[in-house]
Amino acid sequence: MRQYLLDTLGLAGFGALNYGLYLRFGLADALITGGALLLVLALLATRAVKRGRATEASGT
C-alpha cells in the first residue's frame, strides 16, 4: 500500500513540474524536460535492478 502512495505522489509531482514548465516556457520545453526526467528514471531503475541481482547472487 505504501508503494502505491509513493507512486501516486511521484506522478503528481512529475505532473506538477511539467505543468509549471508548460505555463512558464511552453509545450516544447515541458516535453523536453519531461522526456529527460523519464529517461533518468529509467536509467536509475535499470541500475537498481542490476544491483538487486548482484546482491542476490552474492548471497548477502
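Calculation rules
Residues numbered from 1 in each chain as written. Predicted model: local features only at pLDDT ≥ 70, side-chain atom pairs only at ≥ 80, totals over all residues. Heavy atoms only, no water. Helix = DSSP H or I, 4+ residues; strand = E, 2+ residues; numbered from the N terminus. Rg over C-alpha atoms; globule rule 2.2 N^0.38 Å. Buried < 20%, exposed > 50% of the residue type's maximum accessible area, 1.4 Å probe, protein only. Areas by Shrake-Rupley, 256 points an atom, 1.4 Å probe, with all protein chains shown as cover. Expected span 1.5 Å × (residues − 1).

What the chain contains, in helices and strands, is two helices and zero strands. Taken over the C-alpha trace, the chain has a radius of gyration of 16 Å; the compact-globule value for 60 residues is 10 Å, which it surpasses by more than 25%. A total of 60 residues make up the chain; the buried ones form 7% of that total. A total accessible area of about 5,300 Å² is found for the chain, and carbon and sulfur atoms account for 69% of it.

It is worth spelling out helix H1 (residues 2-25) at this point. Here H1 spans 34 Å end to end across 24 residues, near enough to the 34 Å set by a 1.5 Å rise per residue. Among the residues trailing H1, Gly-26 stands out with phi positive, at a value near 110°.

Take the environment of Thr-8 next. Locating Thr-8 in the fold gives a position in helix H1. Owing to a relative accessible area of 51%, Thr-8 belongs among the exposed residues under this scheme. In this structure the C-alpha to C-alpha distance between Thr-8 and Leu-43, which are 35 residues apart in sequence, comes to 20 Å.

From the geometry alone we can't say anything about function, so treat these as descriptive.
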